[in-house]
Amino acid sequence: MDKTSRSKGRGTGRATLEQVAGMAGVSIMTASRALSQPQMVSEVTRVKVERAVAELGYVPNRAARALASSQSHVIVVLVPSFSNAVFTAVLEGIHDAVAPGQYQLLIGNTYYSQAEEEKLLRTYLQSSPDGILFSSQAHSPAVAKMMEASQVPSVSMMDLSDDADALSVGFSQFEAGMEMTRHLLRKGYRRIGFIGAQLDERTLRRADGYRAAMVEAGLADPRLELMVPERSTIALGAELMGQMMANMPDCDAVFCCNDDLAHGAVYHCQRHGIRIPQDIAVCGFNDLPASAWMMPSLTTIDTPRYQIGFEAASLLLQVIKGQEPERKRIDLGFTLRERESA
């Protein structure tokens with residue numbers, strides 16, 4: 001056992017930056033710079049330090065670094081689901097935006113629950129994050145108080161805030177819901193149903209847009225709305241489509257609040273010999289990869305999920321660095337993908 005290994009075994013047992021520097025043959029300051037700002041040292045030095053880190057199993061003390069620099073290089077990201085492909089793309093965009101700055105992400109799943117969001121935030125704020133990315137704008141009073149007290153900058157994703165001073169990146173869920181409904185109206189459909197699940201704030205705003213378009217056309221009928229709080233799945237979409245057609249047999253089109261439900265609606269029709277779109281049209285939301293390839297291909301709203309994550313994280317980084325953002329409210333828009341199902 002060499003001297004470095006013996007010294008590592010005493011005290012806390014945790015390798016120190018001093019030991020890394022000694023093994024690499026550089027000063028502590030140079031070793032620190034090689035780890036935090038590798039572009040500031042030579043390639044030879046960086047490799048020596050990285051080898052020492054690997055051999056010693058050194059893990060930087062993030063808390064100490066945060067105290068010294070007033071920054072933790074940690075960004076908290078709160079999303080409502082890990083299994084939903086929508087948020088997988090958002091997370092990829094966030095990662096690509098923060099990776100060059102060597103930020104670490106603390107990612108929490110709120111399960112569409114304000115209580116869970118509150119619990120996660122209370123825990124994550126103990127890590128003194130430099131910023132927080134929310135996928136929701138509706139927070140509990142406790143979350144609002146914690147954010148006000150912590151003074152940690154935050155950006156909300158997916159929908160646009162009505163507050164001109166709040167940082168938000170996304171698109172208008174209301175306008176997207178209205179545009180899909182208007183599209184169906186332009187195609188000649190009149191008894192247009194809306195199927196929604198989960199009933200999170202994004203679904204409710206899409207439903208508001210649907211309702212506004214139907215009122216505008218003089219065709220609003222509350223009986224055409226089928227909304228349930230259950231988690232959205234393909235199976236649930238098939239079940240709800242069956243209910244819609246049983247309860248409202250004159251329904252000639254259905255706007256599903258997301259593609260999962262729409263896929264289930266299509267499968268229900270196929271199992272029961274109902275022709276799409278001849279007997280009934282089906283539309284979705286989010287344009288998941290399978291939507292373009294199913295038979296018939298699904299008319300849906302294409303949402304810029306990766307770009308939302310990337311732009312939201314980039315906006316947050318500007319604020320963390322003390323820069324005044326050119327825009328606090330970034331509207332990335334949406335695209336209606338007209339396909340065979342409508």
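Residues numbered from 1 in each chain as written. Predicted model: local features only at pLDDT ≥ 70, side-chain atom pairs only at ≥ 80, totals over all residues. Heavy atoms only, no water.

## Describing the overall build of the protein
Rule in force here: Elements are defined by DSSP. Helices are runs of H or I of four residues or more, strands are runs of E of two residues or more, and each kind is numbered from the N terminus. Here the globule rule reads 2.2 Å times residues to the power 0.38, and the radius of gyration is calculated from C-alpha atoms. Partly exposed residues are those whose accessible area sits between 20% and 50% of the maximum for their type, while under 20% is buried and over 50% is exposed, using a 1.4 Å probe and protein chains only. The contact criterion used throughout is that any non-hydrogen atoms of two residues lie within 4.5 Å.
Summing up its helical and strand segments, the protein has 13 helices and 12 strands in all. A compact globule built from 342 residues should have a C-alpha radius of gyration of about 20 Å, whereas the protein, at 25 Å, is more than 25% larger. Seen through its C-alpha atoms, the protein measures out along the principal axes to roughly 85 × 40 × 35 Å. Each of the 342 residues in the protein was classed as buried or not, and the buried ones make up 47%. Looking at the protein alone, contacts between residues at least 24 apart form 70% of all its contacts between residues at least 6 apart.

## A closer look at the side chain of serine 140
Mapped onto the secondary structure, serine 140 falls in the loop between strand E3 (131–134) and helix H8 (141–150). Those residues in contact with serine 140 that lie beyond four places of it in its chain are Gln114 and Glu118.

## Quick word on the pairing of strand E2 (residues 104–109)
This is how it is decided: For two strands to count as paired, DSSP must find a minimum of two bridges between them. Looking down the strands as they point away from the viewer, one classifies a crossover as right-handed if the path from the first strand across the helix to the second runs clockwise.
Here strand E1 (residues 74–79) pairs with E2 via six bridges, running parallel. Note on E2: the bridge partner recorded for valine 76 is leucine 106. At this point the chain moves from E1, through helix H6 (residues 85–98), to the parallel E2, and the crossover so formed is right-handed.

## Quick word on the domain arrangement of the protein
Just so we agree on the cut-off: Bear in mind that the domain bounds are from an automatic or database domain assignment. Buried area: the accessible area, evaluated with a 1.4 Å probe, that two parts lose upon being put together, summed over both parts. Note on definitions: salt bridges are taken to be side-chain nitrogens of Lys or Arg within 4 Å of carboxyl oxygens of Asp or Glu. Within 3.5 Å is the distance limit for a polar contact, defined as a pair of N or O atoms, with the added protein rule that one can donate a hydrogen and the other accept it, and that residues adjacent in sequence qualify only through two side-chain atoms. Classification used: nonpolar for Ala, Val, Leu, Ile, Met, Phe, Trp, Tyr, Cys and Pro, charged for Asp, Glu, Lys and Arg, polar for all others including Gly.
The domain architecture assigned to the protein consists of domain 1 (17–60), domain 2 (72–171 + 306–334) and domain 3 (173–302). When each unit is reduced to the centre of its C-alpha atoms, the spacing between domain 2 and domain 3 is 29 Å. With 15 residues of domain 2 at the interface, the matching set in domain 3 holds 14 residues. Summed over the three residues of domain 2 that lose the most area to domain 3, namely Tyr112, Asp159 and Phe334, the buried surface amounts to 46% of that side. Our enumeration of links across domain 2 and domain 3 arrives at one salt bridge. For the interface between domain 2 and domain 3, the tally reads eight residue pairs in polar contact (both at pLDDT 80 or more). Mapped onto the side of domain 2 that touches domain 3, the elements with two or more residues apiece are H6 and strand E4 (154–159). In terms of residue count, H6 provides more of the side of domain 2 that touches domain 3 than any other element does, three residues in total. Among the residues forming the side of domain 2 that touches domain 3, the class breakdown is 10 nonpolar, three polar and two charged.

## Quick notes on the sheet that holds E3
In sheet architecture, strand pairing relies on hydrogen bonds along the backbone and comes in two forms, parallel and antiparallel. Quick reminder of the rule: What counts as an axis is a line fitted to C-alpha atoms, over the stretch in contact for a helix, and the angles between N-to-C directions run from 0 to 180 degrees.
Within the open sheet, the six strands sit side by side as E2-E1-E3-E4-E5-E11. Their pairing is parallel. At either end of the open sheet lies a strand with only one pairing partner, and these are E2 and strand E11 (329–331). The average angle at which neighbouring strand axes cross in this sheet is 15°, direction not considered. Relative to E3, E1 runs parallel, the two sharing four bridges.

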